[in-house]
Amino acid sequence: MRRGDLKFIIVGLVPALSFIFPFTFYPIAYAAYVSSLHYDLKYPEEIRFAGFNNFIEVFNSYYMADSTMATVTFVALAVPLVVLISLGLALLLSQNFRGVGFLQWLVMVPWAIPLVDSGAIWKWIFDANYGIFNAAMKSLGLIDSYVPWLNLRWPAMLILVVAFLWVQLPLPTLLFLAGIQSIPQELYEAAMIDGAKSWAKFRAITLTWLRPFMLIVAVYVSLMAIWTFDLVYVITAGGPGNFTAVISYYTWSEMFTFLNFGRASALAFLVVLVSIALIIAYFRALRVGRIRLRV
Amino acid sequence: MVNGYKAVIVISSIIVGIWVLFPIAWMFSISLQTEPEIHSAPPTLWPKNPNIFNYWFIFDASSAIEARLQESGRLSFLPAVARWFPNALANSVIIGLVITGINILAATLASYTFTRIRFRGSGLLFYMSVAGRLIPPVAIVVPYYIIIQNFFGFNLLDTLLAVILVHAAFTLPINIWILNTYLSAIPSDIEDAARVDGYGRLETLFKVVLPVIKPGIVAIGIISFMVSWGEFFFAFMVTQTQLSRTLPVIVGFMAAQPYKPVGILMAGGLVSMLPALVVIAVFRRYLLRGLVAGAVR
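Residues numbered from 1 in each chain as written. Chains lettered and ligands numbered in written order. Predicted model: local features only at pLDDT ≥ 70, side-chain atom pairs only at ≥ 80, totals over all residues.

### Describing the overall build of chain B
Rules: Only runs of H or I of at least four residues qualify as helices and only runs of E of at least two qualify as strands under DSSP, and these elements are numbered from the N terminus. Burial is judged by counting the other C-beta atoms within 10 Å of a residue's own C-beta: 20 or more makes it buried, 12 or fewer makes it exposed, and any count in between marks it as partly exposed, with every C-beta position built from the backbone. Note on contacts: each residue gets a C-beta atom placed from the backbone, and two residues are in contact if those atoms are within 7 Å.
Across its full length, chain B carries 15 helices and zero strands. On the principal axes, the C-alpha backbone points of chain B span a range of 80 × 65 × 30 Å. Sorting the 297 residues of chain B into buried and exposed places 47% on the buried side. Excluding contacts between residues fewer than 6 apart, the proportion of contacts in chain B whose partners are at least 24 apart in sequence is 76%.

### Quick look at the packing of helix H6 (residues 115-125) of chain A against helix H13 (residues 247-255) of chain B
Stated formally: An axis is simply a line fitted to the C-alpha atoms; with a helix, the fit covers only the stretch in contact. Between two such axes, the angle follows the N-to-C directions and lies from 0 to 180 degrees. Our angle categories are set so that under 35 degrees counts as roughly parallel, over 145 as roughly antiparallel, 65 to 115 as roughly perpendicular, and the remainder as oblique. Residues are grouped as follows: Ala, Val, Leu, Ile, Met, Phe, Trp, Tyr, Cys and Pro are nonpolar; Asp, Glu, Lys and Arg are charged; every other residue, Gly included, is polar.
The geometry of H6(A) relative to H13(B) is characterised by a closest axis approach of 8 Å and an angle of 40 degrees between their N-to-C directions. With respect to their mutual orientation, H6(A) and H13(B) come out oblique. Residue-level contacts link Leu115(A), Val116(A), Asp117(A) and Ala120(A) of H6(A) to Pro248(B), Val251(B), Gly252(B) and Ala255(B) of H13(B). A class-by-class count of the residues in the contact of H6(A) with H13(B) yields six nonpolar, one polar and one charged.

### What to know about the confidence of the model for chain A
Which entries qualify depends on this criterion: Note: pLDDT gives the predictor's confidence per residue, expressed from 0 to 100.
Averaged over all residues, the pLDDT of chain A equals 85, while 96% of them reach at least 70. Across residues 289-295 of chain A, where pLDDT falls below 50, the model places seven contacts with residues more than four positions away in sequence or in other chains.

### Here we look at unusual backbone geometry
Positive phi, close to 55 degrees, is recorded for Ala237(A), a residue that is not glycine. Turning to its location among the elements, Ala237(A) is positioned in the loop between helix H12 (230-235) and helix H13 (247-257). On the basis of neighbour count, Ala237(A) is assigned to the partly exposed category, with 13 C-beta atoms found within 10 Å. Positive phi, close to 65 degrees, is recorded for Asp158(B), a residue that is not glycine. Inspection of the secondary structure assignment puts Asp158(B) in the loop between helix H7 (137-149) and helix H8 (160-184).

### Let's talk about the confidence of the model for chain B
All names here are of chain B. Considering every residue of chain B, the mean pLDDT works out to 84; 94% of them sit at 70 or more. Looking across chain B, the model is least confident in helix H15 (residues 292-296), with a mean pLDDT of 38, and most confident in helix H5 (residues 85-116), with 92. Under a pLDDT of 50 for its full length, residues 290-297 has, in the predicted model, 18 contacts with residues more than four places off or in other chains. Model confidence for the complex: the whole-complex pTM is 0.88, and ipTM, which rates the interface, is 0.86.

### With respect to the nonpolar core
To keep things clear, this is the line we draw: Any set of buried Ala, Val, Leu, Ile, Met, Phe, Trp, Tyr and Cys residues joined through C-beta atoms within 7 Å is what this text calls a nonpolar core.
With 169 residues, the main nonpolar core has Ala16(A), Leu175(A) and Val166(B) as its most contacted residues. In terms of residue count, H8(B) provides more of this core than any other element does, 16 residues in total. Contacts of Ala16(A), omitting those with residues within four sequence positions, involve Ala106(B), Ala107(B), Leu109(B), Ala110(B), Ser129(B), Leu172(B) and Ile176(B).

Here is the structure:
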């Protein structure tokens, strides 16, 4: 550390951290505290310490098995698709062709629509009676009569995944694109001199360079997928049966339907534990650790 | 070879275009239909008499209702909350721009400090600033409400400032992480050279580093604006009236009506898209390859 650096550390960190810290530690501590309380707003006079009771109740609840299954299915389908497709999109958008600027803009368009609306339009497309999907399938002769897609288990899940893709692709694509833009051209030139084929160049340079970006994307998209509530609420409302009722759907019902803040917080903390395990796994898989890519 | 490359580009561009535009085109068609037309099977691909009532309604609810009454004497159930749509549009734009400014400034400073200055606890501080984003929003929204209700003695509920604070806390961690990644990948040689030439830290940051990380900064600028633009839940919790409600909140209210006016909902979605699209278009111009290649040489 050189002289004057301390001053810069303060100047550099205070603006950001003064926004972040008040909204980080108190909320976490509060959530931890509430998760140990018997805290049911329907019976406000009975708020008392409950130890791990909330966690035990949540584990034994009627929805635990189903919602875990739904969440795992959704995340396992959605996350790899988002990562792969956004990487492909970013590669396309980093090429040099006429209209690429327009295409870069176009890819980000779905981001601009409020989530309620994007959910509503996908629900409407697949609506049993008035949906354009049914009409198209029927006029093509692929189905004989209208099918209530959202009442069928796997179609409903896939529709959720499609809507999630439509909504969530812009951010990862943009990140990968910015990452690709930062690759020094010398690396490619050097590889060219060494006679590398395009696939080898892609693997050795592009993918290696993008690895830390891939980590951010994987973590971000996974969190988004695990937390997905809005789309489920708008499109399937957890149905058919409980097939698409993901964990966050029950966290919300515990909180805002049953007003049981204790159980909702406990459930949220279980989600956090799973997320942390997942993130550690990503760090391992992508072997980023604390490597600094200094050239 | 070259032709194959071209074909791949053209075909994938077309697929991307259809993928993005089809739902939007369908929204547009629905927004020009009347409710009976929307609720008909088979669906009306394009209305025979495109009707702008839905747009009229979200921009000037009372005069649209009056005109409709004189015309037909009948009125279906309409969401009254739509009358605050123009306010919400303005609120969202203001909040989004402020959030973008805060993020570009604060995240750049912070990630420069994290990646370029070695000091005790730098790693810990970094993880501490990112960690808050691991908690599902639903678990921390109540404490957020409590903080905003009594922010150093001020009740900020239902102010634009409240939404700005919450969104800044929400967007900064991921943006710092992104810029950290970006900066770590860029060799610090030129900066060291600049420092040897007698540049201070701030000067180095603004004159040497900024031009190099331009694509990264543009990316976090877009991300900040868009995340704030679409964020519903926190904005919903800390706002109470049209003074501070943002677009997603108003649109959410419109969708939460017992009888859902699909046409108005779609019109609202399309209109709320427009300002954000302008912002993306403005920012995207700078998303071109920065000076990385030239500067490293």
